[in-house]
Amino acid sequence: MDDRPIGIFDSGIGGLTVFSEIIKALPSENIIYLGDTKQFPYGNKSKKTIIDITKENINFLIKKNVKLIVIACGTATSQALEEVKDKYNIPIIGIIKPTVMYLAKEKNIRKIGIMATAGTIRSNSWEKEIKKLMPNAKVINKACPLLAPMVEEGWTDNEIARLVIKEYVKVFKEETVDSLILGCTHYPLLKNLIQEELGNKVKIIDTGKQVGKFLEELLHKEKINGKPKNIPNYKFYLTEIEEGFIKVANNLIPNTIDNINFSKK
Ligand code: DGL
């Protein structure tokens, strides 16, 4: 048993879509969430910068005495996880492997669309992981650099969001994908609009649920579960004041955030 919190980080509010699933899968675990709003967006930064930022975030969370870290960010998972995962003495996981493990078990998934930030698409990490487990799958990648800033701005259900999404998903319609991975953790907040645009035949896969399941198994395997029936303690840190954060958080995880701490890391 291990009562230390789980650490989660993202560039902003996107990681809350993963947080919201983790607390469903593991309702007794204490969690510390870091939203690196000061350095948002990660999506257009170089690999080197993403690795540096990821290390900073990991060091911050380790100082808070976490037992495990979830990189709840596609951009940092795709470009930094391999670099950092064996350099610390606690487990560090990302969002790609758990999601692809789930995909590989699904039947009838052959043509997979991936929407993600420019950095994630440039790294080709999703496609590489998919090809390992599903060598015959066809993958169609699309960088969508405007989406995470739109979500951070709270534009998740307006005409501009609709138009931008229409443009980005064109290629998936042309290619008639059977499934679409939301490869950036901000995008589940746009899921309704994306589904509307693509129609119901396309299965939309977001990463949070899979990360939740994966984490549950990992805690068990490593024997680091928290106390059962613990009333969890959630702590939120942002690196810059972000008006939109609380608004989005209150919709996604009502009554969960009472106060936000600010940190320079
Ligand atoms: N939520 C992030 C991701 O999953 C980062 C978006 C950004 O900061 O550009 O990629």
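Our subject is the structure listed above.
The shown structure was predicted, so the numbers you read here are calculated from the model rather than taken from an experiment. (Residues numbered from 1 in each chain as written. Predicted model: local features only at pLDDT ≥ 70, side-chain atom pairs only at ≥ 80, totals over all residues. Heavy atoms only, no water.)

Re the overall build of the chain
Looking only at helices and strands, the chain features eleven helices and ten strands. For the chain, whose C-alpha radius of gyration is 17 Å, the value lies close to the compact-globule estimate of 18 Å for 265 residues. With the C-alpha coordinates aligned to their principal axes, the bounding extent of the chain is approximately 50 × 40 × 35 Å. For the chain, the proportion of its 265 residues judged to be buried stands at 56%. Per element, the accessible surface of the chain, about 12500 Å² overall, is 50% carbon and sulfur. When the 40 positive and 32 negative side-chain charges of the chain are each reduced to one mean point, those points stand 4 Å apart. (Helix = DSSP H or I, 4+ residues; strand = E, 2+ residues; numbered from the N terminus. Rg over C-alpha atoms; globule rule 2.2 N^0.38 Å. Buried < 20%, exposed > 50% of the residue type's maximum accessible area, 1.4 Å probe, protein only. Areas by Shrake-Rupley, 256 points an atom, 1.4 Å probe, with all protein chains shown as cover. Lys, Arg positive; Asp, Glu negative; His and termini not counted. Charge placed at Lys NZ, Arg CZ, Asp CG, Glu CD.)

Overview of the pattern of salt bridges
Across all of its chains, the model carries 18 salt bridges by this definition. Residue aspartate 2 is joined to arginine 4 by a salt bridge in which the shortest nitrogen-to-oxygen separation is 2.7 Å. In this structure, glutamate 175 engages lysine 111 in a salt bridge whose closest nitrogen and oxygen atoms are separated by 3.6 Å. Placement of the pair is glutamate 175 in the loop between helix H8 (159-174) and strand S7 (179-182) and lysine 111 in strand S5 (residues 111-116), with a sequence separation of 64 residues. For lysine 111, a relative accessible area of 22% corresponds to the partly exposed category. (Salt bridge = Lys/Arg side-chain N within 4 Å of Asp/Glu carboxyl O.)

Let's talk about the nonpolar core
Ranked by size, the top nonpolar core spans 72 residues in total, and within it Phe19, Val70, Met115, Leu147 and Ile194 carry the most contacts. A per-element tally of this core places H8 first, with six residues. Phenylalanine 19 has contacts with Ile8, Ile31, Tyr33, Tyr234, Phe236, Ile253 and Thr256, leaving out every residue within four places of it along the chain. Counting 22 residues, the second largest nonpolar core, distinct from the first, contains Leu34, Ile71, Val84 and Ile92. (Core = buried A, V, L, I, M, F, W, Y, C linked by side-chain atoms within 4.5 Å. Contact = heavy atoms within 4.5 Å.)

Some details on the side chain of threonine 185
The topology assignment puts threonine 185 in the loop between S7 and helix H9 (191-198). By relative accessible area, which is 0% here, threonine 185 ends up buried. From its side chain, threonine 185 meets the backbone oxygen of alanine 72 in a polar contact 2.9 Å long. Once you skip the residues sitting within four places of it in the chain, threonine 185 turns out to touch Asp10, Gly14, Gly15, Thr17, Val18, Ala72, Cys73, Gly74, Ile95 and Thr207. (Polar contact = N/O pair within 3.5 Å; in protein donor to acceptor, adjacent residues only side chain to side chain.)

Let's talk about the sheet that holds strand S8 (residues 203-205)
Within the open sheet, the four strands sit side by side as S6-S5-S7-S8. Their pairing is parallel. Looking at the sheet topology across the chains shown, the edges are occupied by strand S6 (138-143) and S8. Averaged over all neighbouring strand pairs, the angle between strand axes comes to 20 degrees, with direction disregarded. Looking at chain direction, S5 and S7 are connected through four bridges and run parallel. Residue pairing for S7: methionine 115 is matched across the bridge by leucine 182. (Pairing = 2+ DSSP bridges. Axes fitted to C-alpha atoms, helices over the stretch in contact; angles between N-to-C directions.)

Topic: the sheet that holds strand S4 (residues 92-93)
Pairing is parallel in the open sheet, where six strands are placed in the order S4-S3-S1-S2-S9-S10. The open sheet has two free edges, formed respectively by S4 and strand S10 (260-262), since each of these has just one partner strand. Here strand S3 (residues 68-71) runs beside S4; their pairing, made up of two bridges, is parallel. Looking at the pairing, isoleucine 69 lines up with isoleucine 92 of S4. The sheet strands contacting helix H2 (residues 47-63) are strand S1 (6-10), strand S2 (31-35), S3, S4 and strand S9 (234-238), and the helix crosses S1 at an angle near 150 degrees. Across the sheet, helix H10 (residues 208-222) touches S1, S3 and S4, and the angle it forms with S3 is around 165 degrees.

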